[in-house]
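One-letter residues, chain by chain:
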Amino acid sequence: MVLVLAGHDPTGGAGLVADAESVAACGGWALTVPTALTVQDLVDVQAVHPVPASTIRQAAAALESLPIAAIKIGLIADLEALDAVVDVVRRRPGVPVVADPVLKAGGGSPLATQELIDAYFERLLPRVDILTPNRGELARLAGLDYQDDTERCVSLMHQGCQAVLVTGTDDPEGQTAKGRVAHTLHTPDSDRQWTWPRLPATFHGSGCTLAAAVATRLAAGESLVQACEQAQVFAWQALAHGWTPGQGQSLPRRLWKMPTPRFSPDEVKV
Ligand SMILES: Nc1ncnc2c1ncn2[C@@H]1O[C@H](COP(=O)(O)OP(=O)(O)O)[C@@H](O)[C@H]1O
Ligand SMILES: Cc1ncc(COP(=O)(O)O)c(N)n1
């Protein structure tokens, strides 16, 4: 089972719904604790309403008897929610924690203040096993003192984060080979890079899809490198099967392997 602490996105493209689909598609079972309710469509986020910290703590405590094998953290909307999430994680020592820092909506609206980013760095990072930022999020978390992504990741690992999988889709410095997106897994011992064909769309919930998949594969006992690779293959295919229902970003189809079912009354045997 994967405990997911994330925001709700009514479009189902990102947030808890995305995470639950990803977890199920990768062979796990999601336990979902909302950290925030958002108001958004596929263009941008209009509002974020944090769930009270006491509710987050209570909802997670109620799940304590269940066999949680990994924790996935998504949107955290305020300092109180951050402290509640840190408490939840501390109560489960040894369970791998995958955190996807959600700092900005796809449409550009900020989702975290500088104070919240500083607190994320100080309080949550020391308990994170793998962080999955894009390059912009990495730069904001690490701050201005570093020359390149490797230095930025080293600074996050000094803070206690065990590994960083940097997704290169946003590629602000234009370093990705043309037509490919590159992702690099940084650990204290080595770095490992993968590249994938760039798809001709902008996706809503791609980061959630990837991070929840990493958590699920870690929960299944895969190594960090295996889990990261499997999750990237899964996320790429979910995006390749994605669709664009209207204005704005495209939606990943995480359950593309599930055919449209036909239900027959004959299946009901008493
Ligand atoms: N246009 C795209 N083409 C191929 N892969 C993509 C594309 N957009 C996102 N991805 C994939 O989605 C996953 C999440 O990455 P990314 O979109 O950078 O995260 P975030 O939502 O945090 O910005 C990665 O595995 C990345 O390869
Ligand atoms: C509730 C919620 N969580 C996360 C994201 C960003 O998702 P992504 O960076 O994967 O597009 C979002 N738009 N809404």
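Worth saying up front: this structure is predicted, and the values here are computed from it rather than measured.

What's the story with the pattern of salt bridges in this structure? I'm lost.
Think of it this way: side chains of opposite charge can pair up when their charged atoms draw near. If you walk through the whole model with that rule in mind, you get ten salt bridges. Between Arg91 and Glu64 there is a salt bridge, with its nearest N and O atoms 2.9 Å apart. With Arg91 in the loop between α3 (79–90) and β5 (97–99) and Glu64 in the loop between α2 (53–61) and β4 (70–73), this pair connects stretches of sequence that are 27 residues apart. The closest approach of N and O atoms between Asp129 and Arg127, which form a salt bridge, is 3.5 Å. Three or more residues are tied together by salt bridges with common partners; here these are Arg135, Asp149 and Arg152.

What exactly am I supposed to notice about the site of ligand 2 here?
What surrounds ligand 2 is a group of 14 residues, the closest being Gln40, Gly205, Ser206, Gly207 and Cys208. Gly205 places a main-chain nitrogen or oxygen 2.8 Å from an oxygen atom of ligand 2. For ligand 2, an oxygen atom lies 3.0 Å from a polar atom in the backbone of Cys208. Contact with the protein chains covers 91% of the free accessible surface of ligand 2, which is 380 Å². A per-element tally of the shell around ligand 2 places helix α7 (residues 206–219) first, with three residues.

Is there a simple way to explain the site of ligand 1 in this structure?
The environment of ligand 1 is made up of 16 residues, and the closest members are Asn134, Thr169, His183, Leu199 and Ser206. Side-chain polar atom of Thr169 to an oxygen atom of ligand 1: 2.7 Å apart, as the coordinates give it. Gly207 places a main-chain nitrogen or oxygen 3.0 Å from an oxygen atom of ligand 1. Summarising the interface, the protein chains cover 90% of the accessible area of ligand 1, which totals 550 Å² for the free molecule. With three residues, the single largest contributor to the shell around ligand 1 is α7. A breakdown of the residues in the shell around ligand 1 according to their chemical character gives eight nonpolar, six polar and two charged.

Whenever I open this one, the pairing of strand β2 (residues 30–40) confuses me. Can you help?
For a regular strand, side chains alternate in direction, first toward one face of the sheet and then toward the other. With seven bridges connecting them, strand β1 (residues 2–8) and β2 associate as parallel partners. Residue Leu5 lies in a different strand from β2, and its bridge partner there is Val33. The β-α-β motif built from β1, the intervening helix α1 (residues 15–25) and the parallel element β2 has right-handed crossover chirality. Note: β2 against strand β3 (residues 45–50), five bridges, orientation antiparallel. Across the sheet, the residue bridging to Val39 is Ala47, located in β3.

Explain the environment of Val181 here, please?
Relative to the helices and strands, Val181 resides in strand β8 (residues 180–186). For Val181, a relative accessible area of 7% corresponds to the buried category. Separated by 76 residues in the primary sequence, Val181 and Ala105 place their C-alpha atoms 20 Å from one another.

How should the sheet that holds β5 be read in this particular structure?
Think of a sheet as strands paired side by side through backbone hydrogen bonds, with each pair either parallel or antiparallel. Pairing in this open sheet of nine strands is mixed, and the strands run β3-β2-β1-β4-β5-β6-β7-β8-β9 from one edge to the other. Each of the sheet's edge strands pairs with one partner strand only, and the pair in question is β3 and β9 (191–197). As paired strands, β1 and β4 are joined by four bridges and run parallel to one another. Following the sheet pairing, Leu3 is matched in β4 by Ile71.

Even after reading the chapter, I still don't get the side chain of Ser155, so can you show me in this structure?
Along the chain, Ser155 turns up in helix α6 (residues 149–158). The exposure class of Ser155 is buried, given its relative accessible area of 9%. When near neighbours in sequence (up to four residues on either side) are disregarded, Ser155 contacts Phe121, Ala142 and Tyr146.

Honestly, the side chain of Thr187 in this entry has me stumped. Any pointers?
Among the secondary structure elements, Thr187 is positioned in the loop between β8 and β9. A residue is classified by how much of its surface remains accessible, and Thr187, at 17% relative accessible area, is buried. In terms of polar contacts, Thr187 uses its side chain to reach the backbone carbonyl oxygen of Ser190, at 2.9 Å. In this structure, Thr187 is in contact with Met157, Gln162, Ala163 and Leu224, ignoring residues within four places of it in sequence.

Thresholds, definitions, all that
Residues numbered from 1 in each chain as written. Chains lettered and ligands numbered in written order. Predicted model: local features only at pLDDT ≥ 70, side-chain atom pairs only at ≥ 80, totals over all residues. Heavy atoms only, no water. Salt bridge = Lys/Arg side-chain N within 4 Å of Asp/Glu carboxyl O. Helix = DSSP H or I, 4+ residues; strand = E, 2+ residues; numbered from the N terminus. Near = heavy atom within 4 Å. Polar contact = N/O pair within 3.5 Å; in protein donor to acceptor, adjacent residues only side chain to side chain. Areas by Shrake-Rupley, 256 points an atom, 1.4 Å probe, with all protein chains shown as cover. Nonpolar A, V, L, I, M, F, W, Y, C, P; charged D, E, K, R; others polar. Pairing = 2+ DSSP bridges. Right-handed = clockwise from strand over helix to strand, strands pointing away. Buried < 20%, exposed > 50% of the residue type's maximum accessible area, 1.4 Å probe, protein only. Contact = heavy atoms within 4.5 Å.

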